[in-house]
Amino acid sequence: MRLRPVNRVIPVLVLMALALLWSLDFVSIQANRIVPGSSLGLVAAVGMRWALGLSGVLALCGLLAAYVRRPPYGVLLALLCLLLAQLPLSLAWVGEQHITAELAHARVGIGAGFWGLLFLLGLLSIELQQRVRLHRAGLLGIGLGLLLLTLGVAHLGGLEPLALMREYQSRRQQFSSALYSHLGLVAAAVGVSLLLGAGLALLINRFPAIQRSCMGLLSVIQTIPSLALFGLLIAPLSYLSAQFPLLQQFGVRGIGWAPALLALIAYSLLPIVRNIGVALQAVEPSVIDAAHGMGMSPRQVFFQVRLPLALPVIIEGVRVTTLQAIGLTAVAALIGAGGFGTFIFQGLGQAAMDLIVLGALPILLMALLADSLFSLLAAHYRGVPAP
Amino acid sequence: MTASHWQGWRWPLLWLGLLLAATFGLPQLEAGFRAIEPGARAVIYSQASFSGLLVKHLLLVAAAACAAVALGVGTAIMVSRPWGRDFLPLASQVASIGQTFPPVAVLALAVPALGFGVLPTLFALVLYGVLPILRNSLAGLHGIAPAVLEAARGMGMSPWQVLWQVELPLASAVIVAGSRTSVTINIATAAIGSTIGASTLGDPIISGLVNGNSAYVVQGALLIGLLALTVDSLFERVQNRLPGPAAVALG
Amino acid sequence: MIELLNVSKSFGPSVAVDDISLTVKAAELCVLVGTSGCGKSTTLRMINRLIAHTAGQIRIDGQAIDQLDPHTLRRRIGYAIQSIGLFPHWTVARNIAVVPRLLGWPAPRIAQRVDELLHLLDLPAAEFAGKYPNQLSGGQAQRVGVARALAGDPEILLMDEPFGALDPITRDSLQNELLRIQAQLRKTIVFVTHDMDEALKLANRIVVMEKGRIVQQDTPQALLARPATAFVENLLGGQERGLKQAGLQRVAALMQPLNAPGLRVVGPALKTADSLRQALSLMLWQRCTSLPVVDEQGVQVGVLHVDSLLRGAPQ
């Protein structure tokens, strides 16, 4: 045993997790949707044995990291997976303990202690991923595993008493239509702006004189807050749709998906055009010279050399654009474009906290998933190992 | 002052002029807005003055920016000192993963945690605004050529002198760029803060959307857009006067 | 055989190459040398039509190059450049295979060719075939560049300052490598450099260019003996010309052979293949007027006197 800890990050995170866990409410129990609930601490919520077991495993992680000369990071990662896996189970356990048959409308709200634990476990997994040099795909795998476990427990009915689940149960239909409209808007915006952006980038490549004004205009658009741009599009679009009944037939109106999609495309163009431009120009001239010198045709130079070398940067542009579009689509719910933002703003309007979470959580998950997928894709196409 | 000096101020002054003109002049344009909403009872948003909303919006963003700069730059400095280096990988990962979360989701989640009003809005703005600043500060401090730091130490500077006289000035351009991103996002997010009870320039838009009054929406949107462009062009002006990234790379 | 007949190239009003005529015979290593901007690279790049000439005619094996499809032409000509231009997204093996693939060779033949070239350039296939360009040292990358230029088994090789960015020791060893490969493969090579020492070491024939024109073309020996202009003399190093000339001659030419086979020599000795420049340096260093000369096995075969060095004939 030595006094100076070997790894200081993990013990600090563990101490913070323990402090949050024991000081904040783990869950709250409400008799129905309206009345304020009563808060339960960790012990009251899951019982002494569970509380001590959980804290014990956490403390063990901290001690192993701090005081073993070569911390067994693999073991720590396994313990971390265990801690993550017990999260949905603990919620199911709380339901089992506290919601009885006669309290038909009673519901379990997730408390700050639980969220804090989830957050700190997330930080721990990031730290451990770097220590074990786990591939990013590994982290994604752990995340997906946790998600699947949670969905499995929910499917078996274990999470039925959760307020979040109750909110979901009462609007299943809306949930799936929100999912489709959110994904649809994001995909349409990214797809269209990828096509438009590629064309614009090639145009700028051909006529460099227009670069300054094009990029200037796009970055001015990027600066305008989303709420403002959505708002500014309402009046002209409703005017257009009043003038041209054909547009109205296609569902183009002042509010709804039309202004949302227009604004999303306008926002998406800048990162796409910038990344395509940078990517195509960043290829070293000597490589292109060599390719011509070897006797490649212009087509071959473009498809075998220029494009593959540019692809990772272009994918990075698509990643940024997709993340931005996921967030902006949430705001677009304010102008009636649908998507998960609808739940957020409904929840805010009704002061229904669980409804807000029901809207925000899928958005966070979509963002994380898109980020991981595009990062992995870019890494795959980069292919070249670090020198 | 030379002509070229004034050139740099052209855009900020133009946007600022338009912003002030709109703030005080919009109520004068009643006839114009009547054309957008012929049927509405009132066409000029009047629950609060535009200038009051502008000031509140600015104060909110400025307070969040100050806190975010202090937190972000402070954290970056701490984790780049020898005694805090253990936390460097975690901090840089959090800065980049955190930015994948949409700001509106962070804002929404502040409500269950802190309730409605200005405080949760401020909290969300700081929390989200820290990330770009932290990320850029780390990049800026990390991007300084080791030879420069070696030279500074070799000339007998103390660690604090190295930080204040060499590291921070050289990283300043990148840090300001991060602050610009942060503030741009926060002006937009603060507008959405209207939905959780903070009084900002988003109020006319939300009110217009709820009541189906496009004139309100246009008024709010114009003001927010002009505010964003004014602040952004000011940042650009400041950035142009700082040592560019080239200075950092070349040392 | 490459023939340039009254070839010119102008970029707008400025003339980069001005009415040059040049014949490079088969299996010849012809070095174009001159200061930067003298038109030597432009001349080289006109041969594979990376730059189109504006006047005159360029013929390869009697055929005018503007009659040929540029891509087909380039696939027939090896090309290696200073910054190497390896494709960073492909492995070493894939980089070498570019031209064979463009030529549509069957896969087994390509694989065999890649192995052959890696072996030729002293890059063990097991170690290097799967590496990416950013994992190579400068010298290794340039070897791959040369291998890639040779891959399609071209008759002609164009090399534009291929060793320019390397350190002196690596450059020297790659120059030796090139001479060894050339002795083996006997390609027609046009080589551009600004380094006269490199030109003297490699060339069968040196073409000195200045301001887009050819000022002199000759063998290295003749060039040293009779520089046509002050510019050429200056390029040859002025007062150091004597040493450079000595660098081109072998000890074997001036030594006095032993009548009977001698003994193994211990201590400082010259090899028959050493240059006279090395001999002079060793004499200066040892402060002596004659040195024993040994063969590959270290057995003495002759003696070199300083007088022979100065007179340029055996004593």
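The structure this text deals with has already been given above.
These numbers come from a predicted model, not from an experiment.

Caption draft 1: Structural context of the overall build of chain B. Helix and strand counts for chain B stand at 12 helices and 0 strands. In sequence order, chain B lays out its α and β elements as α-α-α-α-α-α-α-α-α-α-α-α. Overall size of chain B, expressed as C-alpha extent along the three principal axes, is 75 × 55 × 25 Å. Counting over 251 residues, chain B shows a buried share of 51%. Partitioning the contacts of chain B with sequence separation of at least 6, the portion at a separation of at least 24 is 76%. Here chain B has roughly 11,300 Å² of accessible surface; of this, 69% comes from carbon and sulfur atoms.

Caption draft 2: Region of the structure containing the pairing of strand E4 (residues 55-60) of chain C. All names here are of chain C. As judged from the 5 bridges shared by strand E1 (residues 2-11) and E4, these two strands associate in the antiparallel manner. Looking at the pairing, leucine 5 lines up with glutamine 57 of E4. Note that E4 and strand E5 (residues 63-64) share 2 bridges and pair antiparallel. When the bridges of E5 are listed, isoleucine 60 appears paired with glutamine 63. Between E4 and E5, which pair antiparallel and follow one another directly, the connecting turn spans 2 residues, one of which, aspartate 61, has a positive phi of 50°.

Caption draft 3: The arrangement of the sheet that holds strand E3 (residues 107-110) of chain A in detail. Residues and elements named next belong to chain A. Spatial strand order, E2-E1-E3: 3 strands in an open sheet with antiparallel pairing. Both outer strands of the open sheet, strand E2 (38-40) and E3, are each paired with one neighbouring strand and no more. Each strand of the sheet is rotated relative to its neighbour by a mean of 30°, with strand direction disregarded. Here strand E1 (residues 27-30) pairs with E3 via 4 bridges, running antiparallel. Bridge pairing in E3 places isoleucine 29 opposite valine 108. Helix-sheet contacts for helix H7 (residues 163-170) involve E1 and E3, and the interaxial angle to E3 is about 115°.

Caption draft 4: Representation of the interface of chain C and chain A in the model. Tallying the contact residues gives 25 residues for chain C and 22 residues for chain A. Between chain C and chain A the total buried area reaches about 1,900 Å² when both faces are included, carbon and sulfur atoms providing 65% of it. When the buried area of chain C at its contact with chain A is split by residue, Phe87(C), His89(C) and Asn134(C) rank highest and sum to 25% of it. In this assembly, chain C and chain A are joined by 1 salt bridge.

Caption draft 5: Spatial organisation of the interface of chain B and chain A. Taken residue by residue, the interface counts 41 residues in chain B and 41 residues in chain A. Sorting the residues of chain B by area buried against chain A places Asp86(B), Leu90(B) and Thr100(B) first, and these three jointly supply 16% of that buried surface. The tally of links between chain B and chain A comes to 1 salt bridge. A salt bridge links Asp86(B) to Arg8(A), with the nearest nitrogen and oxygen atoms 3.0 Å apart. Linking chain B with chain A are 2 residue pairs in polar contact (both at pLDDT 80 or more), by the criterion used here. Breaking the side of chain B that touches chain A down by element, the ones donating at least two residues are helix H5 (88-98), helix H6 (103-114), helix H9 (159-192), helix H10 (202-211) and helix H11 (214-240) of chain B. A total of 10 residues in the side of chain B that touches chain A trace back to one element, the largest contributor, which is H11(B). Class assignment for the residues of the side of chain B that touches chain A results in 31 nonpolar, 8 polar and 2 charged.

Caption draft 6: Structural view of helix H1 (residues 9-23) of chain A. With 15 residues, H1(A) extends 21 Å between its outermost C-alpha atoms, agreeing within 8% with the 21 Å of an ideal straight helix rising 1.5 Å per residue. Where H1(A) is concerned, the buried positions are Val9(A), Ile10(A), Pro11(A), Leu13(A), Val14(A), Ala17(A), Leu18(A) and Leu21(A).

Caption draft 7: Layout of the packing of aromatic side chains. Under the definition given, this model contains 13 aromatic pairs over all chains. Ring centres 5.6 Å apart and planes at 70° place the aromatic pair Phe26(A) and Phe114(A) in the edge-to-face group. In this pair, Phe26(A) sits in the loop between H1 and E1 while Phe114(A) sits in helix H5 (residues 112-131), placing the two residues 88 residues apart along the sequence. Accessibility assignment for this pair places Phe26(A) and Phe114(A) in one class, buried. Ring plane angle 70° and centroid distance 5.2 Å describe the contact between Phe87(C) and Trp90(C), whose orientation is recorded as edge-to-face. Each member of the pair Phe87(C) and Trp90(C) is classed as buried. Site record: aromatic cluster; members linked through ring pairs are Tyr168(A), Phe175(A), Phe340(A) and Phe343(A). Geometry around Phe11(C) places Lys9(C) over its ring, the cationic atom sitting 4.9 Å from the centre.

The rules we used
Residues numbered from 1 in each chain as written. Chains lettered and ligands numbered in written order. Predicted model: local features only at pLDDT ≥ 70, side-chain atom pairs only at ≥ 80, totals over all residues. Heavy atoms only, no water. Helix = DSSP H or I, 4+ residues; strand = E, 2+ residues; numbered from the N terminus. Buried < 20%, exposed > 50% of the residue type's maximum accessible area, 1.4 Å probe, protein only. Contact = heavy atoms within 4.5 Å. Areas by Shrake-Rupley, 256 points an atom, 1.4 Å probe, with all protein chains shown as cover. Pairing = 2+ DSSP bridges. Axes fitted to C-alpha atoms, helices over the stretch in contact; angles between N-to-C directions. Buried area = accessible area lost by both parts, 1.4 Å probe. Salt bridge = Lys/Arg side-chain N within 4 Å of Asp/Glu carboxyl O. Polar contact = N/O pair within 3.5 Å; in protein donor to acceptor, adjacent residues only side chain to side chain. Nonpolar A, V, L, I, M, F, W, Y, C, P; charged D, E, K, R; others polar. Expected span 1.5 Å × (residues − 1). Phe/Tyr/Trp six-rings, centres within 6.5 Å; stacked < 30°, edge-to-face > 60°. Lys NZ or Arg CZ within 6 Å of the ring centre and 35° of its normal.

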